[in-house]
Every structure is written in structure tokens, then in C-alpha cells.
Amino acid sequence: MEFKNINTMRQLNNGVKIPCVGYGTFRTPEEVAEQAVADAIELGYRHIDTAAVYGNETAVGKGIKDSGINRKELFVTSKLWNTERGYESTKQALQDSLDRLGLDYLDLYLIHWPANEKQFGDDAKRLNAETWRAMEELYHEGKIRAIGLSNFLPHHVADLMETAEIKPMVDQIEVHPGWPHTEEVKKLQSMDLLVEAWAPLGGQGSSVLTNPTLKEIAEDHGKTVAQVCLRWVLQQGVLPLPKSVHVKRMQQNMDFFDFELSNDEMKQISALRDLGGQCANPDDVDF
Ligand SMILES: NC(=O)c1ccc[n+]([C@@H]2O[C@H](COP(=O)([O-])OP(=O)(O)OC[C@H]3O[C@@H](n4cnc5c(N)ncnc54)[C@H](OP(=O)(O)O)[C@@H]3O)[C@@H](O)[C@H]2O)c1
């Protein structure tokens, strides 16, 4: 598919359309988020990614209102935090997110992390299935236009599919140079999920943006390393979610549609390792 700009639409497996780049809000403090989101929308971002645990949904909602853009033109995602898993609490958590955002529906709601065996033993699968059952009902009620997962590895998705009635539409996982998750991305895509990349620039404090290989490739194209990272994500059919609270960087992170990375450059970038980022294994986390 030809990507023309950040709002080229991609189609989820239920037919819902999603802009091919999202604006991230992790670690954007409540007092900054309203302005940052309003700025991002004014610049042209139409896809906003937040989560209950970011503690900024109220401000994100105000930024959306301030923008004056018709709600229907925006694609808004939030996520169910780990303490709210389970059938009843998932339903309440969605309502709480909607109330904080000041919205009456979400475009996409994700389970933020799978319950894992390390914490829940044999109960992990049941807990994920119960959470998913609530997500399916909320979807049928029209409160969410699409439902999905985050940090689910292919084996978590396969477990979920044993009882799921609706196939998830999205899986949002960590993808950046140094932590490419190449096999997982391909497997998830083959399962008909749209993969979104969190921390596409490596996240706060990683060494992705100062990596010499990436710098050289960026110079060859007259682009910045951030733009090369976003292009590398996009060319894998993955949807990047760059975050910045600075207008100049927001602009830069929209401007990567006028060049293409060669196969050789794609391979070089995918081969990079150990550049930082969270690099968390969802089977091993204890939060
Ligand atoms: N599902 C999950 O578990 C999960 C986890 C983490 C993140 N996410 C989502 O994914 C989004 C992106 O991840 P992220 O925020 O961790 O990391 P990121 O977007 O990879 O990187 C953000 C960092 O890079 C800086 N930055 C942004 N654009 C830049 C540019 N053009 N040049 C130089 N520096 C730049 C930002 O600083 P400034 O803001 O100061 O510009 C910030 O420190 C999040 O915001 C969130 O929406 C999801």
C-alpha cells in the first residue's frame, strides 16, 4: 500500500479504518498533555494513543476538546491497566476512561499487558479470557469501535483464541531498532492483527537516536534518525506511535513519507541490537 502521509488509512480486520501513524502520550504529564495533544491535532495528527495508567486521560480529553476537531475525525485509543483485569472490572475501567476523556466511545481499547503465568500461574489464561469476554461485550454494545491487545506475544494470542469469539484487531508491542521483534511481528501479521510499534524511537533515554549506523543512513537520505526509525517501522507494515511534547519534533515525526529505505538498509537496521529501550519480556514482568 502507498503511504502518503500520517493519515493514510489502514483497515483493521473488522473494517474500521485507522490512520497509519499515532501520537503517543506515555510519560506526558497531566499538566503538559492538554497543550501537547491540542498542538499535535493542530499539526495534523488524528490518531491519539493514551492509557489509563499514564494518568493523563483527563488532560488528553481536554486537548481533544480544545482542538475543535469533530470527534468523528479522530481515532482515540486507550488501554485497560493490569489491576483492572477480569470481567466486571474491565467494564468499569472502560467507563472510567471514557469519563476521564470526556468521550462516549473509544476507537480502540487494548488490554495493556497479558496476565502471565509468572504472576497468575494456571489462572493467567482464564483471567485473559475473562477480560476479553468483557471487551467483546463492550464492542457489541458499540462503546468501542475496535478491540485489541498490547504486549501479547503470539503464544498469548493463540491462548486467547481458544475461547475468543472475536479476533483481536490490533497488537501494540515494543518495536524499535535494537529490539525489532521481527519474528513476532510477522507471526502476528499472519494472524491478521495490525501490529502497532510502541517506543518506535527507542523511548526516553535509549541510545537509538545516537546510533552511528542509523545516523549514517539518515545522512544518506537527508533525514533525521527519528525519521529513519519511523520509516523502518512503517515499511514493515507496522504502525508507529511516536511521542513528543515539542512541536518541532511532532512535525519531524510526521515527515517521513518522501523517502524509502532500501532492502539492504532495512536489513542493517533490523540487525541492530542492544540500543536500550524497555525490552521487557511480557512473560517475565511482575507488574
Ligand atoms: N503499550 C505499551 O505498553 C506502551 C509502552 C510504552 C509506550 N506506549 C505508547 O507508545 C508511544 C511511544 O513510545 P514512547 O513514548 O515510550 O517512546 P518514543 O516515541 O519512542 O520516544 C519518545 C522519546 O523520544 C523523544 N523524541 C520524540 N521525537 C523526537 C525527535 N524527532 N528527535 C529526538 N527526540 C525525540 C521524546 O522527547 P520529547 O517528548 O521531550 O520530545 C521522548 O523522550 C507512547 O507515548 C505510548 O503512547 C505503549
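Here's a quick rundown of the structure. Given the structure is predicted, the values throughout are model-derived calculations rather than measurements.

### Section: the overall build of the protein
Next up, step 1: A tally of regular secondary structure across the protein gives 11 helices and 10 strands.
Next up, step 2: With respect to the three principal axes, the spread of C-alpha positions in the protein is 55 × 45 × 35 Å.
Next up, step 3: Looking at the protein as a whole, 56% of its 287 residues qualify as buried.
Next up, step 4: Relative to all contacts within the protein whose residues are 6 or more apart in sequence, the contacts with residues 24 or more apart total 74%.

### Focus: the site of the ligand
Next up, step 1: The full set close to the ligand counts 29 residues, and Asp49, Leu201, Lys243, Ser244 and Arg249 are the nearest of them.
Next up, step 2: Thr25 has a polar backbone atom sitting 3.0 Å from an oxygen atom of the ligand.
Next up, step 3: Between the ligand and the protein, one listed contact pairs an oxygen atom with a backbone N or O atom of Ala199 at 3.0 Å.
Next up, step 4: Surface burial for the ligand is 90%, taken as the share of its 900 Å² of free accessible area covered by protein chains.
Next up, step 5: Its residues assigned to classes, the shell around the ligand comprises 12 nonpolar, 13 polar and 4 charged.

### Details of unusual backbone geometry
Next up, step 1: The residue Arg27 is not glycine, and still its phi comes out positive at about 65°.
Next up, step 2: Here the phi dihedral of Asp274 falls at roughly 60°; this positive angle occurs in a residue that is not glycine.
Next up, step 3: With a relative accessible area of 73%, Asp274 lands in the exposed category.

### Here's the deal with the packing of aromatic side chains
Next up, step 1: According to the stated counting rule, one finds 6 aromatic pairs in the structure shown.
Next up, step 2: Taking the centre distance of 5.0 Å and the plane angle of 90° together, the rings of Trp113 and Phe287 count as edge-to-face. Here the residue Trp113 occupies a position in the loop between strand S6 (108–111) and helix H4 (117–120), and Phe287 occupies one in the segment after helix H11 (263–270), the gap between them amounting to 174 residues.
Next up, step 3: Exposure remark for Trp113: the relative accessible area of 5% places this residue in the buried category.
Next up, step 4: Assessed through its relative accessible area of 38%, Phe287 is described here as partly exposed.
Next up, step 5: Here a set of aromatic residues connected by ring pairs shows up, and it is made of Trp81, Trp113, Trp198 and Phe287.
Next up, step 6: Sitting above the plane of the Tyr105 ring, Arg71 keeps its charged end 3.9 Å from the centroid.
Next up, step 7: Positioned above the aromatic ring of Phe259 is the side chain of Arg231, whose terminal nitrogen or guanidinium carbon lies 5.9 Å from the ring centre.

### Describing the side chain of Asn116
Next up, step 1: In this fold, Asn116 is placed in the loop between S6 and H4.
Next up, step 2: By relative accessible area, Asn116 is classed as buried at 1%.
Next up, step 3: Among the polar contacts made by the side chain of Asn116, one reaches the main-chain carbonyl oxygen of Asp283 at a distance of 3.5 Å.

### Section: the environment of Asp99
Next up, step 1: Among the structural elements, Asp99 can be located in helix H3 (residues 87–101).
Next up, step 2: Judged by relative accessible area, which is 52%, Asp99 ranks as exposed.
Next up, step 3: For Asp99 and Arg71, which are 28 residues apart along the polypeptide, the C-alpha to C-alpha distance reads 15 Å.

### Here we look at the packing of helix H8 (residues 212–221) against helix H9 (residues 225–234)
To characterise two packed helices, one gives the angle between the axes of the helices and the distance between these axes.
Next up, step 1: One can describe the packing of H8 onto H9 by two numbers: an axis separation of 8 Å at closest approach and a directional angle of 90°. Considered as vectors, H8 and H9 are oriented roughly perpendicular to each other. Counting all contacts with H8, which are made through Leu214, Lys215, Ile217 and Ala218, the residues of H9 involved are Val225, Val228 and Cys229.
Next up, step 2: In terms of residue class, the contact of H8 with H9 is built from 6 nonpolar, no polar and 1 charged.

### Quick look at the packing of H8 against H11
Next up, step 1: At a minimum axis separation of 10 Å, H8 and H11 run at an interaxial angle of 155°. Taken together, the axes of H8 and H11 are roughly antiparallel relative to one another. The hand of the H8/H11 crossing is left-handed. Between H8 and H11, the residues in contact are Thr213, Leu214, Ile217 and His221 and Glu265, Gln268 and Ile269, respectively.
Next up, step 2: When its residues are assigned to classes, the contact of H8 with H11 shows 3 nonpolar, 3 polar and 1 charged.

### Regarding the pattern of salt bridges
Next up, step 1: All chains considered together, the criterion is met by 16 salt bridges.
Next up, step 2: A salt bridge links Lys125 to Asp159; the shortest N-O distance between them is 4.0 Å. Here Asp159 lies in helix H6 (residues 154–161) and Lys125 lies in helix H5 (residues 123–140), a separation of 34 residues in the sequence.
Next up, step 3: Taking relative accessible area as the criterion, Asp159 reaches 26% and is therefore assigned partly exposed.
Next up, step 4: We note a salt bridge from Lys223 to Asp255, for which the minimum N-O separation is 3.5 Å. Of this pair, Lys223 sits in the loop between H8 and H9 while Asp255 sits in the loop between helix H10 (247–252) and H11; the two residues are 32 residues apart in sequence, bridging distant segments of the chain.
Next up, step 5: Bridged by salt links that share partners, the residues Lys91, Glu130, Arg133, Glu137, Glu141 and Lys143 form one connected network.

Calculation notes
Residues numbered from 1 in each chain as written. Predicted model: local features only at pLDDT ≥ 70, side-chain atom pairs only at ≥ 80, totals over all residues. Heavy atoms only, no water. Helix = DSSP H or I, 4+ residues; strand = E, 2+ residues; numbered from the N terminus. Buried < 20%, exposed > 50% of the residue type's maximum accessible area, 1.4 Å probe, protein only. Contact = heavy atoms within 4.5 Å. Near = heavy atom within 4 Å. Polar contact = N/O pair within 3.5 Å; in protein donor to acceptor, adjacent residues only side chain to side chain. Areas by Shrake-Rupley, 256 points an atom, 1.4 Å probe, with all protein chains shown as cover. Nonpolar A, V, L, I, M, F, W, Y, C, P; charged D, E, K, R; others polar. Phe/Tyr/Trp six-rings, centres within 6.5 Å; stacked < 30°, edge-to-face > 60°. Lys NZ or Arg CZ within 6 Å of the ring centre and 35° of its normal. Axes fitted to C-alpha atoms, helices over the stretch in contact; angles between N-to-C directions. Parallel < 35°, antiparallel > 145°, perpendicular 65-115°, else oblique. Left-handed = near helix turned anticlockwise from the far one by under 90°. Salt bridge = Lys/Arg side-chain N within 4 Å of Asp/Glu carboxyl O.

Spatial relationships are all this shows, so hold off on functional conclusions.
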